[in-house]
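Observations on the model geometry
What follows is each chain in one-letter form.
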Amino acid sequence: MASATLLAKENGISGFGPDDSESIVQALKRYWGYESFRPGQEQIVRSIVSSRDACVVMPTGGGKSLCYQLPAVLDAKRTAMVVSPLIALMQDQVAQLEQMGIPAGFINSSLSGGERNETLQRACQGAYRLLYLSPERIALNGTPDWLKRVPVSFFAIDEAHCISEWGHDFRPEYRQLSRLRDLFPNHPIAAFTASATRRVRQDIVEQLRLRDPLKHISSFRRANLRYVVRQCNAKAQMQVLLQAVRRITDGSVIVYAPTITRVGETVDFLEENGIPAIAYHGQMGALARRENQEKWMADEVRVMVGTIAFGLGIHKSSVRAVIHLALPKSVEQYYQEAGRAGRDGLPADCLLFWQKKDAGLHAYFIGQISDHEERERAWQRYHEVEDFVNSEECRQLYICRHFGELPKWAECGECDACAGVPDWLEEAAHTQKREGRAFPAVLTEESQATANPRALANGPDAELREYMREWRRNISRQKGISAFIVMYDTTLDQLCATRPSSVSELRRVPGFGEKKTQMYGEQILAALERFRNGERALLAMPALRRKRSDFSKRARLWKKLQKFASASLVP
Ligand code: ADP
Ligand code: ZN
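Residues numbered from 1 in each chain as written. Chains lettered and ligands numbered in written order. Predicted model: local features only at pLDDT ≥ 70, side-chain atom pairs only at ≥ 80, totals over all residues. Heavy atoms only, no water.

**Some thoughts on the site of ligand 1**
In plain terms, the rule: Note on terminology: near, applied to a residue and a molecule or strand, indicates that one of the residue's heavy atoms is within 4 Å of it. Any pair of N or O atoms that falls within 3.5 Å is considered a polar contact. Within protein, one atom must be able to donate a hydrogen and the other to accept it, and sequence-neighbouring residues count only if both atoms are side-chain atoms. Only the protein chains shown count as covering a residue, and every accessible area follows the Shrake-Rupley method with a 1.4 Å probe.
Around ligand 1, the surrounding shell holds 16 residues, and the nearest of these are Y34, S36, G61, K64 and S65. Between ligand 1 and the protein, one listed contact pairs an oxygen atom with a backbone N or O atom of G62 at 3.5 Å. Contact between ligand 1 and S65: an oxygen atom at 2.4 Å from a side-chain N or O atom of the residue. Here ligand 1 loses 87% of its free accessible area of 560 Å² to cover by the protein chains.

**Some points on the coordination of the zinc ion (ligand 2)**
To be explicit about the condition: The rule for donors is simple: an N, O or S atom within 2.8 Å of the metal counts, and for Na, K and Ca the reach is 3.2 Å. Water is not among the atoms, so a site may look short of donors. Here a site with four donors is tetrahedral if all angles are between 85 and 135 degrees, and a site with four or six donors is square planar or octahedral if opposite donors are over 155 degrees apart and the other angles are between 65 and 115; anything else gets the irregular label. The helix and strand labels rest on DSSP assignments: H or I over at least four residues marks a helix, E over at least two residues marks a strand, and numbering proceeds from the N terminus. For each residue, the accessible area found with a 1.4 Å probe, counting protein chains only, is set against the maximum for its type, and the residue is called buried under 20%, exposed over 50%, and partly exposed in between.
Surrounding the zinc ion (ligand 2) are the protein donor atoms C394 (SG), C412 (SG), C415 (SG) and C418 (SG), which sit 2.3 Å from the metal. One can describe the donor arrangement at the zinc ion (ligand 2) as tetrahedral, given that its four donor atoms subtend angles of 103 to 119° at the metal. Donor residues binding the zinc ion (ligand 2) come from one chain and are separated in sequence as C-x17-C-x2-C-x2-C. Of this pair, C394 sits in the loop between helix 15 (372-390) and helix 16 (395-402) while C418 sits in helix 17 (residues 416-419), placing them 24 residues apart in sequence. A residue is classified by how much of its surface remains accessible, and C418, at 23% relative accessible area, is partly exposed.

**So, the side chain of R137**
Defined as follows: Under the counting rule used here, the positive set is Lys and Arg, the negative set is Asp and Glu, and His together with the chain ends is not counted. Every case where a carboxyl oxygen of Asp or Glu lies within 4 Å of a side-chain nitrogen of Lys or Arg is listed as a salt bridge. In this description, contact between two residues means that some pair of their heavy atoms is separated by no more than 4.5 Å.
Along the chain, R137 turns up in helix 6 (residues 135-139). At 7.6 Å, E136 is the nearest oppositely charged side chain to R137, a buried residue that forms no salt bridge. Setting aside residues no more than four positions away along its own chain, R137 makes contact with I107, N108, S109, R116 and T143.

**A closer look at the environment of D203**
Position of D203 among the secondary structure elements: in helix 9 (residues 198-207). Taking relative accessible area as the criterion, D203 reaches 13% and is therefore assigned buried. Distance from D203 to S164, taken between C-alpha atoms, is 5.9 Å for residues 39 residues apart in sequence. For D203, the side chain forms a polar contact with the side chain of S164, separated by 2.7 Å.

**Concerning the nonpolar core**
Keep this limit in mind: Note on terminology: a nonpolar core comprises buried Ala, Val, Leu, Ile, Met, Phe, Trp, Tyr and Cys residues joined through side-chain atoms within 4.5 Å.
If you look at the biggest cluster of nonpolar residues, it comprises 98 residues, and the most contacted ones within it are M468 and I524. Those residues in contact with M468, other than ones at most four positions away along the chain, are L492, L495, C496, I524, A527 and L528. Counting residues in hydrophobic clusters, the runner-up holds 37 residues, among them V56, C67, L70 and L97.

**Brief notes about the environment of M519**
Following the sequence through the fold, M519 ends up in helix 24 (residues 514-532). Note on M519: relative accessible area 25%, which makes it partly exposed. Along the backbone, M519 and V486 are 33 residues apart, and their C-alpha atoms lie at a distance of 10.0 Å. Leave out the neighbours within four places in its chain, and M519 touches Q99 and K479.

**Side note on the layout of surface pockets**
Keep this limit in mind: Think of a 1 Å grid over the protein atoms and nothing else: a 1.4 Å probe that fits but is trapped marks a cavity, an open set flanked by protein within 12 Å on at least five of seven lines marks a pocket, and residues with an atom within 4 Å of a point count as lining. Grid points are joined across faces, edges and corners, and a volume is the space filled by probe spheres set on the points. Three classes are used, and their members are as follows: Ala, Val, Leu, Ile, Met, Phe, Trp, Tyr, Cys and Pro are nonpolar, Asp, Glu, Lys and Arg are charged, and the others, Gly among them, are polar.
There is about 1200 Å³ of room inside the largest pocket. If you list the elements that add at least two residues to the lining of the largest pocket, you get helix 1 (21-32), helix 3 (64-74), helix 4 (87-99), helix 21 (483-486) and helix 22 (489-498). Across the lining of the largest pocket, the residue classes tally to 19 nonpolar, 19 polar and eleven charged.

These figures come from the coordinates and say nothing about function on their own.
Encoded structure:
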């Protein structure tokens, strides 16, 4: 199935950079270390290079950043302005670009006055290929003045659905972006989002006043994701959560809990059951949040339990499951959050375990919205979510239709509607009934091993992977950057699979561009050599390290669980 629908033809406006296919492919190889484009990317890149506006809807993991970063690189004298909603995201992207040898900067409130001035000055000299800004910054009075002094090539608007009140994540600051067209009538504007219904897409085009934009809409089907939706009572919910997390022996997990209290409870519950987990929510200090995020990013702890505050701008490719413990507020929100699973294209689960009371809670909050129109929109979303969870239609199909796509296929064959509720989930939900108690006793090491056949698997590949992960952790600590900025999981896995023994072999591993190879090549080859000579990772896998089995701990835990169970029965 062709996953991309191109709704407009390319036109022949003369562009700002070298647009022969050779230089585009060369840049792809040189900076990113990739051999080929993902569906849609090349056309979007070419369209931006030819100075045409664009409105791009591409699912999470589809490779949106490359679509504006590559045209930015091709124009060696000018700067692409990227509007991005989150400071953390900007910083990560800039760090990543620097690792690829692409000059980039950002201007946001995290910079001191001196740093900001310096960045501005350099920006005016055309020192950056990309400069990241927040939408608030565009709205500031002084911004147009200095922007006019920067040699701007084009504007890229990330998370563009935030401009629409019909989107699930409307941000009033985004409305200020309508000024861009007046201020820069001759510069192309390219909008990017992962989730936008037809209505939101229209809104994006109107608000940004895009002119005959290239409209690229990828299919909303994420073939590697398995959606499973299940209504549970409070007790069964924790039970299925536990089993779901236990099944994931490799890669990371995100658990979304509806409230800060539930985040805390869920972390405790998992920990008590021998599964290291950490929290992320709005009431934690910025530093603690960042620290937990880093730990999770670096695979020190694999399970992150967060409120929906967690995730925007999270670029971790090996998330094997996203588990929701309550109904989302909209289908788009669910699609976006669940879509953080499986960015690497490998199979991943999206599990929605909801409780009847979630609906009542949503209804209550919607009732509190004073603005009439906003309340109506919230009700509409509420009914859509209700319809989604109760539907017996293929989940993938449902989602595609929700976004206005008319798929030619009828079922995905994987989701709970197509393939039924998986056996393990059925069993987990019933264990608690059979045993007649809220939560199972802590599993013994033996039963953990059976529940998790791969948990103790220890082939040479697993060892090498762990060894290289440790190498990456050390580098990321030394440099003070996230592990994924040093190298994506997918790149690391490729590296372990191919075990290159020379720089030129390493350069052929996807993800090793020129700069990255230069920067880490020798070190990586030396690490591989040490591994060949028998050296191994110092730390065992974190999940195995923290297994607990002493009796007193279990007794204590059992008490706590019983208390927790009775507490969670209170409506
Ligand atoms: P999005 O922003 O759409 O969620 P990203 O831009 O973060 O997606 O890209 C997702 C992943 O896909 C990243 O690891 C990225 O490096 C990788 N990727 C993007 N384009 C390509 C390509 N042409 N070949 C291989 N990997 C790619
Ligand atoms: Zn299906």
